[in-house]
Amino acid sequence: MVKVLDGLRGYGLIVGMWFRSTLAYRASFLLTTLGNAITSWLEFAGILIIFSHVDQLGGFSVGEVALMYATASCSLGLADLFLGNMDQLGARVRDGSVDTMLIRPVPLFAQVAADRFVLRRVGRIVQGLLVLGWALAQLRPGWSVLEYALLAGVIVCGAAIFGALWALGGAFQFWAQDAAQVQNSVTYGGNRLLQYPPTIYGTELVRGVTYVVPLAFVNWVPLLRLLDRDDPLGLPGWVDFLSPLVAVVMCALTALLWRVGVRSYRSTGS
Amino acid sequence: MDGMAASDGMDGTDGMDGTRGTVAGGDELIVLEELEKVFRVRRRAGRFRRTRSEVRAVNGISFTVRRGEMVGYIGPNGAGKSTTIKMLTGILTPSGGRLRVAGIDPQHERTRLARRIGVVFGQRTTLWWDLPLRDSYALVRRMYRVPQARFRENLERCVELLDLAELLEVPVRQLSLGQRMRGDIAAALLHDPEVLYLDEPTIGLDVISKAKVRSFLRELNAERGTTVLLTTHDLTDIEQLCRRVMVIDHGRLMYDGGLPGLYEAGAGERQLVVDLEREQPPISVEGARTVRVEGPRQWLAFPAKASAAPLVARVAADYPLLDLSLREPDIEDVIARMYASGDGGGDGPRAAEVPVAG
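These numbers were taken from a predicted model, which means no experiment stands behind them.

Describing the overall build of chain B
Along its length, chain B carries eleven helices and 14 strands. Among the 358 residues that make up chain B, the fraction classed as buried is 50%. Here the contacts in chain B between residues at least 6 apart in sequence split such that 69% fall between residues at least 24 apart. On chain B, roughly 17,400 Å² of surface is accessible, and the fraction owed to carbon and sulfur atoms is 49%.

If you want it as structure tokens, here you go:
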């Protein structure tokens, strides 16, 4: 527990340093923030354009798809904000600068998570929340407090699953330093996948993201329950509530692999 | 099964001995016992085949460093110097042996150890590239939880002795190599570490920066009693700073003792290079042997301990001497000779040229 607090404190300190470092290049900060905002809004505009031609997509209305988009965006945004630079670990391992992290009195995980922190990633979360509001206004689902709480839970568990995937990819880079793109295809690619309802994809793909890389638990599985839809894989009803368990298992697995990774870190000759 | 039980028992005794040692002596800061690091290397052998081999970077090293010592850790490239330092700081996990720094096992309590040690890598900086030097120091204060008064005192001291006053507000990326090195050394000392590791602290520095760094380290060791362990290729670092030298090669400790003893152990030779007026048969002179002739230039080897003056006088008296220079054995050469003496003489020394007369 002390170690976790130490880690969080160290994380905060390093994030502060990176934040001030980005302010050394204000123009670049503003431009990339703007660029990111445009890209993510274009993504959502794509969905709206589809719905200007059809009323339903795989049996889902525009509000429902927007809800999927919003939850996936918020989850990925949170994970990206806090752990997004895990994919840079390979570069750090390759040039040996992990050495300088290992001599600081802060757990390595916290330092790698905070490495090259960029605040502009808040943008994705903000956009996700705006779309979420719009989707709920469209749907007017008449949910109770419990169901809204479940929705919040979906976002948090989704963020944990995305985060674990990022950290898992990061840990893997102790051995394979150029795995960053494989990892990005799972996380960013997974996000694109989850922005649309599962019914538009083939069953094999849906099986793959349920059993192999458990992305379906980020939003699909619990949202189908919230929207009173049938599961395309026909899984038993209790599976809809497994997201927290999946998140916990993923995080535990990541923690384990991370330890092994740090132990086998080889540094570079100097 | 019996074997396992026996080794368990031994481990138990080891632990107890260690504890007793620290309680009784209290001044053994760094203890290595048969420390090993083995790297498994995969090499390409053909288009798809890969061969695996083992590299013993550190191959059973044992030594003890007492509190307040200043030790030079030297050896050729790839000898295992940096690997040892990296195990001492907890960066690398040892493959075998036992290791304690200030009573802490670096592998298992790396972050706790980090508060008590300072590390400077000559080739790498811990400072924040885009921020003023002062910001990096402020981070150290908060990260290591250094009390404000203590921090101010330490910073003032470092700023004064390392000449940093003008640099505190400058972004690190704008500092020269020498300035950055001084900045890095200060950063490693703000939390009052008990031991300071320096990996090539003077690499790439000019003469003035080197002198500043050396005098600072000397003072740090004398006044604060900070234990210092440094690796270097620069013999002058060792000569000016360390009373004790450890030489390692191929992952083994070759020598552990004073600097004069090292020269004797290496049976070092200096070389006198003479330019004659014309080509001549090899010079024969007492106290030296001619090792090479190239046109009018000849190389004479003589023991490092002997004075060059009488030799120069003798050569000048008997031969038409135009010019001469003296080559000192460098540390790598002394080490090379330590090996050569083991298997019966080696080739001529690669030495730094020190001109004597012009």
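So, next bit.
Points about the domain arrangement of chain B
Considered domain by domain, chain B is made up of domain 1 (28-263) and domain 2 (268-342). Computed from C-alpha coordinates alone, the two centres of domain 1 of chain B and domain 2 of chain B are separated by 38 Å.

Brief notes about the environment of B:Phe151
Residue and element names in this part refer to chain B. In this fold, Phe151 is placed in helix α5 (residues 148-162). For Phe151, a relative accessible area of 8% puts it in the buried group. Measuring from C-alpha to C-alpha, the distance between Phe151 and Asp192 comes to 9.1 Å, with 41 residues separating the pair along the chain. Apart from residues lying up to four places away in sequence, Phe151 is in contact with Tyr137, Ala138, Arg141, Val146 and Leu190.

Some thoughts on the UniProt feature "transmembrane region" (unreviewed entry) in chain A
Residue and element names in this part refer to chain A. UniProt's entry tags residues 29-54, 66-84, 125-143, 149-168, 205-221 and 241-260 with the feature "transmembrane region" (unreviewed entry), counted in the numbering of this structure. End C-alpha to end C-alpha, residues 205-221 measures 14 Å, and it is 59% helix and 0% strand. For the annotated span residues 241-260, helix accounts for 90% and strand for 0% of the residues, and the straight-line distance between the end C-alpha atoms is 31 Å.

Section: the packing of helix α3 (residues 62-83) of chain A against helix α8 (residues 145-172) of chain A
Relative placement of two packed helices is described by the angle separating their axes and the distance separating the axes. Residues and elements named next belong to chain A. Their axes nearest at 8 Å, the elements α3 and α8 cross at an angle of 45°. Between α3 and α8, the crossing angle belongs to the class labelled oblique. Once α3 is placed against α8, the crossing between them reads as right-handed. Along its contact with α3, which presents Leu67, Thr71, Ala72, Cys74, Ser75, Leu76, Leu78, Ala79, Asp80 and Leu83, the element α8 presents Leu151, Val154, Ile155, Gly158, Ala159, Phe162, Gly163 and Trp166. The residue makeup of the contact of α3 with α8, split by class, is 13 nonpolar, four polar and one charged.

Structural notes on the sheet that holds strand β3 (residues 70-74) of chain B
Residues and elements named next belong to chain B. Spatially, six strands are ordered β5-β6-β7-β3-β8-β9 in an open sheet, and the strand pairing comes out mixed. The open sheet terminates on both sides in strands that have one partner only, identified here as β5 (117-121) and β9 (252-257). Adjacent strand axes in the sheet meet at a mean angle of 15°, parallel and antiparallel pairs treated alike. Judged from the four bridges that link them, β3 and strand β7 (residues 227-231) form a sheet pairing that is parallel. Bridged to Gly72 within β7 is Leu230. Contacting β3, β6 (195-199), β7 and β8 (244-249), helix α2 (residues 81-88) crosses the sheet at an angle of about 145° to β7.

Some thoughts on a positive patch on the surface
Residues and elements named next belong to chain B. The grouping of Arg42, Arg44, Arg50 and Arg52 at the surface amounts to a positive patch. Where the positive patch is concerned, the elements lending two or more residues are β1 (28-44) and β2 (50-66). In this fold, Arg52 is placed in strand β2. For Arg52, a relative accessible area of 65% corresponds to the exposed category.

Concerning the sheet that holds β1(B)
All names here are of chain B. The three strands lie next to each other as β2-β1-β4, forming an open sheet whose pairing is antiparallel. The sheet terminates laterally at β2 and β4 (96-101), the two strands that pair on one side only. Pairs of neighbouring strands in the sheet enclose a mean axial angle of 25°, with direction left out of account. Relative to β4, β1 runs antiparallel, the two sharing five bridges. Paired with Glu33 across the strands is Arg98, a residue of β4.

With respect to the interface of chain A and chain B
Listed per partner, the contact involves 29 residues of chain A and 32 residues of chain B. Between chain A and chain B lies a buried interface of about 3,000 Å² when both sides are counted; carbon and sulfur atoms form 57% of it. Measuring nitrogen to oxygen at the nearest pair gives 3.5 Å for the salt bridge that ties A:Asp99 to B:Lys86. Counting every contact that joins chain A to chain B gives 14 residue pairs in polar contact (both at pLDDT 80 or more). Residue assignment for the side of chain A that touches chain B shows that the elements contributing at least two residues are α1 (2-23) and α5 (98-102) of chain A. It is α1(A) that contributes the most residues to the side of chain A that touches chain B, eight residues altogether. Of the residues in the side of chain A that touches chain B, the class split is 14 nonpolar, seven polar and eight charged.

Side note on the pairing of strand β10 (residues 269-276) of chain B
Successive side chains on a regular strand alternate, one facing one side of the sheet and the next facing the other. Residues and elements named next belong to chain B. Summarising burial for β10: eight of the eight residues are buried, a large majority. On β10, burial covers both faces: Glu269, Gln271, Val273 and Asp275 on one face and Arg270, Leu272, Val274 and Leu276 on the other are all buried. Pairing analysis gives seven bridges linking β10 to strand β12 (residues 297-303), with the strands arranged antiparallel. The residue bridging Gln271 from the neighbouring strand is Ala301, located in β12. Here β10 pairs with strand β13 (residues 321-328) via six bridges, running antiparallel. Pairing of Asp275 across the sheet is with Asp323, part of β13.

A closer look at unusual backbone geometry
Residue and element names in this part refer to chain B. Notably, Arg145 is not glycine yet its phi reads approximately 50°, a positive angle. Overall, Arg145 belongs to the partly exposed group, its relative accessible area being 45%. Unusually for a residue other than glycine, Glu200 sits at a positive phi of about 55°. Relative to the assigned elements, Glu200 resides in the loop between β6 and α7 (207-224).

A short note on the nonpolar core
Within the largest apolar cluster, 155 residues are counted, with the highest numbers of intra-cluster contacts made by B:Ile30, B:Tyr137 and B:Tyr197. Here the element with the most residues in this core is α3(A); it accounts for twelve residues. Counting 14 residues, the second-largest nonpolar core is a separate cluster that includes B:Ala288, B:Ala308, B:Val315 and B:Leu326.

Details of helix α10 (residues 203-212) of chain A
Residues spaced three or four apart along an α-helix point in a common direction, a consequence of the helix completing one turn every 3.6 residues. Residue and element names in this part refer to chain A. Residues of α10 that are buried include every one of Val206, Val209 and Thr210, and no others. What you see down the axis of α10 is that its buried residues fit within an arc of 100°, all on one side. Turned more than 90 degrees away from the buried face of α10 sit Glu204, Tyr211 and Val212, all of them exposed. In the core, the buried residues of α10 are packed alongside α9 (180-194) and α11 (220-226).

A short note on a nonpolar patch on the surface
All names here are of chain A. The grouping of Phe19, Trp41, Leu119, Val122, Val126 and Leu130 at the surface amounts to a nonpolar patch, some 480 Å² of accessible area in total. At three residues, helix α7 (residues 122-139) tops the list of elements feeding residues into the nonpolar patch. Mapped onto the secondary structure, Leu119 falls in the loop between α6 (108-114) and α7. Its relative accessible area of 35% is what places Leu119 among the partly exposed residues.

Thresholds applied
- Position numbers for residues count from 1 along each chain, tracking the sequence in the order it is written.
- The order in which chains are written sets their letters, starting at A; the order in which ligands are written sets their numbers, starting at 1.
- Local features in this predicted model are restricted to residues of pLDDT 70 or higher, and side-chain atom pairs are both shown and tallied only at a pLDDT of 80 or more, whereas totals for entire chains, interfaces and linings draw on every residue.
- As a rule here, side-chain values come from all non-hydrogen atoms in the structure, and water together with hydrogens is ignored.
- Numbering of helices and strands runs from the N terminus; a helix is a DSSP stretch of H or I covering at least four residues, while a strand is a stretch of E covering at least two.
- For each residue, the accessible area found with a 1.4 Å probe, counting protein chains only, is set against the maximum for its type, and the residue is called buried under 20%, exposed over 50%, and partly exposed in between.
- Contacts between residues were defined by any pair of non-hydrogen atoms, one from each residue, lying within 4.5 Å.
- Where accessible areas are quoted, they stem from the Shrake-Rupley method and a 1.4 Å probe; at the residue level, only the protein chains shown are allowed to cover.
- Segmentation of the chain into domains, including their bounds, is taken from an automatic or database domain assignment.
- UniProt positions are given in the numbering used here, feature names are shortened, and annotations may be inferred rather than shown by experiment.
- Axes here refer to lines fitted to C-alpha atoms; in helices the fit is confined to the stretch in contact. Angles between the N-to-C directions go from 0 to 180 degrees.
- Oblique is the label for any angle not under 35 degrees, not over 145, and not in the 65 to 115 range, which are roughly parallel, roughly antiparallel and roughly perpendicular in turn.
- A clockwise turn of the near helix away from the far one marks a right-handed crossing, whereas an anticlockwise turn of less than a right angle marks a left-handed crossing.
- Just so you know the grouping, Ala, Val, Leu, Ile, Met, Phe, Trp, Tyr, Cys and Pro go in nonpolar, Asp, Glu, Lys and Arg go in charged, and all remaining residues, Gly too, go in polar.
- At least two bridges found by DSSP between two strands is the condition for calling them paired.
- Each patch is built from residues that are more than 30% exposed by relative accessible area and take part in no salt bridge. Like charges join if they lie within 9 Å; nonpolar side chains (Val, Leu, Ile, Met, Phe, Trp, Tyr) join within 5 Å.
- Here a salt bridge means any side-chain nitrogen of Lys or Arg lying within 4 Å of a carboxyl oxygen belonging to Asp or Glu.
- Asp and Glu count as negative and Lys and Arg as positive, but His and the ends of the chain are not part of the count.
- Just so you know, the charge point we use is NZ for Lys, CZ for Arg, CG for Asp and CD for Glu.
- Here's the idea: put two parts together, see how much 1.4 Å probe accessible area each one loses, and the total over both is what we call buried area.
- For this analysis, a polar contact is any N or O atom pair within 3.5 Å, provided that within protein one partner can donate a hydrogen and the other can accept it, and provided that sequence-adjacent residues contribute only side-chain to side-chain pairs.
- Only buried residues count toward a nonpolar core. Its members are Ala, Val, Leu, Ile, Met, Phe, Trp, Tyr and Cys residues joined through side-chain atoms within 4.5 Å.
- This arc is taken over the directions from the axis of the helix to the C-beta atoms.

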